[in-house]
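An overview of the molecular structure
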Amino acid sequence: MGEGRAAGEEWARPEGGSGAAGEGRAALDAGEEWARAENVRELNIARWGLVPFWAKDVSIGARLINARVETAHEKPAFRRAFALHRCIVPADGYYEWQAAGGGSKQPHFIRPADGGVLAMAGLYAVWRSPDAAGGRLLSCTILTTEATDDVGRIHDRMPMLVEPERFAAWLDPDLTDPEEVRSLLVPAAEGRLESYPVSTAVNKVANNGPELVRPLPQMGTSSVSPLTLF
DNA sequence: CCAGACGTTGTT
DNA sequence: GTCTGG
DNA sequence: CCAGACGTTGTT
DNA sequence: GTCTGG
């Protein structure tokens, strides 16, 4: 997924009671502690860009905004979260840029065709931070997958979606086997999403607001002056 | 052993 | 061109 | 993804 | 924290 100026909330499910499996059994994972204390489903605000608990500073998050579903279970930066710290990131939709002529890009807004809310598969981390409120910083990343045919014309990658019937399993902290977790993630149904071109105002991150998701007034080909070709 | 990365997208 | 920040 | 910087000394 | 590369 190229980018989303998606809804900022994260629907997280902390890890459950059993001891941490795999690496770093004795590790000081702030996430474990937090999860044990609050072993309930929660709605939280999280910073976009995963900051693993072992990170020395938050800057690493800028490079960890997306995680490939094909490899997240084995990547050092993601595998722990994949097993233990899964979340759902709700969004009205996401943006993707389609290569146009002459190196230009046309942004599109992609959203559920049924008018609903997207449930994007995410991973979260809890990072001990002296600066953050409560001494911890919540961060998250979005899993990406190969785009389905309907939106694949715009871009070849898309966020991994979680179907409602799989919410419980996806958020289940006792489900830690990577293969089992992977099996929960199925391709979005064809026709699940719709898209339309939007203003390039979305290109500038300082811009934000409802105008970004407004459909671009479609100029019929016939109304384009020949002069615009030059 | 220590140092450095730990990631994806897309573009050349 | 490449890296960082948003 | 796009936009914007690409630098140091020393001070708020 | 853990892995890879030097």
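Each value, and the rule that gives it
- Residues numbered from 1 in each chain as written.
- Chains lettered and ligands numbered in written order.
- Predicted model: local features only at pLDDT ≥ 70, side-chain atom pairs only at ≥ 80, totals over all residues.
- Heavy atoms only, no water.
- UniProt positions renumbered as here; feature names shortened; annotations may be inferred.
- Pairing = 2+ DSSP bridges.
- Helix = DSSP H or I, 4+ residues; strand = E, 2+ residues; numbered from the N terminus.
- Axes fitted to C-alpha atoms, helices over the stretch in contact; angles between N-to-C directions.
- Buried < 20%, exposed > 50% of the residue type's maximum accessible area, 1.4 Å probe, protein only.
- Phe/Tyr/Trp six-rings, centres within 6.5 Å; stacked < 30°, edge-to-face > 60°.
- Near = heavy atom within 4 Å.
- Polar contact = N/O pair within 3.5 Å; in protein donor to acceptor, adjacent residues only side chain to side chain.
- Nonpolar A, V, L, I, M, F, W, Y, C, P; charged D, E, K, R; others polar.

Per an unreviewed UniProt entry, chain A carries the name Abasic site processing protein and comes from Actinoallomurus acaciae. Within the UniProt record for chain A, the comment given under Sequence similarities (unreviewed entry) is "Belongs to the SOS response-associated peptidase family."

With that settled, the discussion passes to the sheet that holds strand 7 (residues 105-112). Sheet architecture is open: three strands sit in the order 6-7-11, paired in antiparallel fashion. Two strands bound the open sheet, and with one partner strand each, they are strand 6 (94-99) and strand 11 (193-197). On average, each strand axis in the sheet is inclined to that of its neighbour by 35°, with strand direction left out of account. Of the pairings in the sheet, the one linking strand 7 to strand 11 comprises five bridges and is antiparallel in character. Its bridge partner being in strand 11, arginine 111 is matched across the sheet by glutamate 194.

To continue, consider the pairing of strand 9 (residues 136-146). Taken across its 11 residues, strand 9 has nine buried, putting it largely inside the fold. When strand 3 (residues 47-48) meets strand 9, the two strands line up parallel, connected through two bridges. Opposite tryptophan 48, over in strand 9, you have cysteine 140 as the bridge partner. Inspection of the sheet shows strand 4 (residues 66-68) paired to strand 9 by three bridges, in the parallel sense. Across the sheet, the residue bridging to asparagine 66 is isoleucine 142, located in strand 9. Pairing analysis gives seven bridges linking strand 8 (residues 118-128) to strand 9, with the strands arranged antiparallel. Its bridge partner being in strand 9, tyrosine 124 is matched across the sheet by cysteine 140. Bridge count between strand 9 and strand 10 (residues 157-159): three bridges; the pairing is antiparallel.

All chains considered together, the criterion is met by three aromatic pairs. Relative to tryptophan 170, the ring of phenylalanine 82 has its centre 6.3 Å away and its plane inclined at 80°; by these criteria the two rings are edge-to-face. Within this pair, whereas phenylalanine 82 is found in helix 2 (residues 79-84), its partner tryptophan 170 is found in helix 4 (residues 167-170), the two being separated by 88 residues in sequence. Members of the aromatic cluster, connected to one another through ring pairs, are Tyr95, Phe109 and Tyr196.

Another point: the protein's contact with DNA strand B. Lining the immediate environment of DNA strand B, one finds 18 residues, of which Arg63, Arg68, Lys75, Lys105 and His155 sit closest. Taken together, the sugar and phosphate atoms account for 68% of what DNA strand B places within 4 Å of the protein. Interatomic distance of 3.2 Å between a backbone N/O atom of arginine 63 and a base nitrogen of DNA strand B. Here threonine 144 contributes a side-chain N or O atom positioned 3.0 Å from a phosphate oxygen of DNA strand B. In terms of residue count, the dominant contributor to the surface near DNA strand B is strand 4 (three residues). Tallied by class, residues from the surface near DNA strand B come to eight nonpolar, four polar and six charged.

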